[in-house]
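# Breakdown of the fold
The chain contents come next:
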Amino acid sequence: MSRAVEPLLTKAAALQEKAREGIESLRTEVDLDGRSFSLFNAGIRDKRSWFGLFPRDLLTACLMLGEPALMHEAIAFSVATIGRECNPQTGEEPGRVLHEWNRVERDGYLSHYNAAETSQLLILVASQYLQLAEVDRNMASDWGDGLRQTGEYVLRHIDADLFWEDPYHCRATRYMAYATYWKDSHLPGRKSLVYPVAYTLVQAQTVAALRALIALESEFQLGFQHEQLERLVSGMVRAIWQQLWDPRTGFPLIALDKDVRIPGISSDALHVLAYLQKKDIPKTKLEAIAQGARKLDTPYGYCTYAPGQPEYTPDSYHLGSIWPYEQFFIAKGALRHGLEEVFEHSLRIIHGLEAHGFPELLVWDGEALTAGGCGLQLWSAAYPQAIGNLLTGHVSTNAEDTFS
């Protein structure tokens, strides 16, 4: 690492106390079937809760922070609210982890289970949690059935080496959300999706989840075959560089929409690296991603979508803005795969956090930096401690780990 990194990390360390205060201000208690869960809302805007409970945000914060108490509560809540039946209105299906606790409705559809990858995130967090020495395994013993269902959910959505998001599985033709991975506003050129859809980032998250499922199988005897899971991992990794690679842009696709390619120079390609092992990525593809990353580069980290492309605007929710939390995963992937420039440039987000606190997103228009979305967002506030953990080895970058 260059000398330029050290002062940035010092600044990140100085932000940790303020960040922790922000996280604590998001704490909330949820009572469910006689059990109380100590959790965190996703965001505050104008001194009131703007986003309530989102397991995606909770589980992502767990992967960032590696805090056993947070992980335990997030896992237990996710298992307690896991999909049990098919519901075309909410997107619920067996083994699908909740997306949003609050009731949000549009066009007669509800957002409750509108996330393709929360089940994969649960598997990853559970695997990471069980690697911690201080874990009481007896407390975790009642999670086995929920984890088995999440594994079955993941396997049910895999066909021809791709993880396909498809409302068919909940007996619907669409979801309330316009897209069902973390960039859920819409995809470029696609105001609505034609299902089934394969998201490249979710593909990589599924690869990591399948590897983690092998570890969980040993702990819980969930009924999955190691050999089958390993074959799926191999096939899904190949599919990223074959079926989900766009030779025109020299970058991974954002998604594959019922065999229609959705291309774009997107931060997804950098985010993907955090979930893949070194052996997974052909050298030429890694070099192409590193080259393309320069089109996403800003003085404050990497934006979600490169300028000059259709629908790009610097203040677009997912097609141009800069998300602080994503810079952690970009840094993690860059460290794992030896992309020093990408790692160092991702740390520039620290300048933005120093100036604006821990907002949901930042907007760089080429002249000025402003904050957008929630004034305080859980996974943004997790960044200062998370990046410190990453650099001190509390969160590993070992290429042979499933994720952590």
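Reading the values: rules and limits
Residues numbered from 1 in each chain as written. Predicted model: local features only at pLDDT ≥ 70, side-chain atom pairs only at ≥ 80, totals over all residues. Heavy atoms only, no water. Core = buried A, V, L, I, M, F, W, Y, C linked by side-chain atoms within 4.5 Å. Buried < 20%, exposed > 50% of the residue type's maximum accessible area, 1.4 Å probe, protein only. Helix = DSSP H or I, 4+ residues; strand = E, 2+ residues; numbered from the N terminus. Polar contact = N/O pair within 3.5 Å; in protein donor to acceptor, adjacent residues only side chain to side chain. Contact = heavy atoms within 4.5 Å. Phe/Tyr/Trp six-rings, centres within 6.5 Å; stacked < 30°, edge-to-face > 60°. Lys NZ or Arg CZ within 6 Å of the ring centre and 35° of its normal. Pairing = 2+ DSSP bridges. Axes fitted to C-alpha atoms, helices over the stretch in contact; angles between N-to-C directions.

Take the nonpolar core next. By size, the foremost hydrophobic cluster in this structure holds 134 residues, and its most contacted members are M64, L187, Y199, Y275 and Y383. Sort the elements by how many residues they give to this core and helix α7 (residues 200-220) lands first, with twelve residues.

Moving on to the side chain of E165. Relative to the helices and strands, E165 resides in the loop between β8 (162-163) and β9 (197-199). Accessibility expressed as a relative area gives 0% for E165, which makes it buried. Of the polar contacts made by the side chain of E165, one reaches the side chain of R96; its length is 2.7 Å. A distance of 3.1 Å separates the side chain of E165 from the side chain of Y175, its partner in a polar contact. Setting aside anything within four residues of it in sequence, one finds E165 in contact with R96, A115, A116, Y153, H157, Y175, T180, Y195, P196, V197 and Y199.

Counted according to the given criterion, the structure contains 18 aromatic pairs. Summarising the aromatic geometry, the rings of W182 and Y325 are spaced 5.2 Å apart at their centres and angled 85 degrees between planes, so their arrangement reads as edge-to-face. Highlighted residues: W182 in the loop between β8 and β9 and Y325 in helix α11 (residues 324-337), separated in sequence by 143 residues. As far as burial versus exposure is concerned, W182 and Y325 are alike and both buried. Put simply, the rings of W182, Y275, Y317, W323, Y325, F328, F329 and W379 pair up and form one aromatic cluster. When the ring centre of Y178 is taken as origin, the NZ or CZ atom of R106, which lies over that ring, is 4.3 Å away. In this arrangement the basic side chain of K285 is found over the ring face of W245, its NZ or CZ atom lying 5.1 Å from the centre.

So, about the sheet that holds strand β13 (residues 260-262). Ordered by their spatial adjacency, three strands build an open sheet running β9-β12-β13, and the pairing between neighbours is antiparallel. Two strands in the sheet have a free side with no partner beyond their single neighbour: β9 and β13. Between one strand and the next, the sheet's axes are offset by a mean angle of 15 degrees, whatever the strand orientation. Two strands pair when backbone bridges link them, and strand β12 (residues 255-257) and β13 are joined in this way by three bridges, in the antiparallel orientation. What sits directly across from A255, in β13, is I262. Strands in contact with α7 are β9 and β12; relative to β9, the strand with the most contacts, it is inclined by about 70 degrees.

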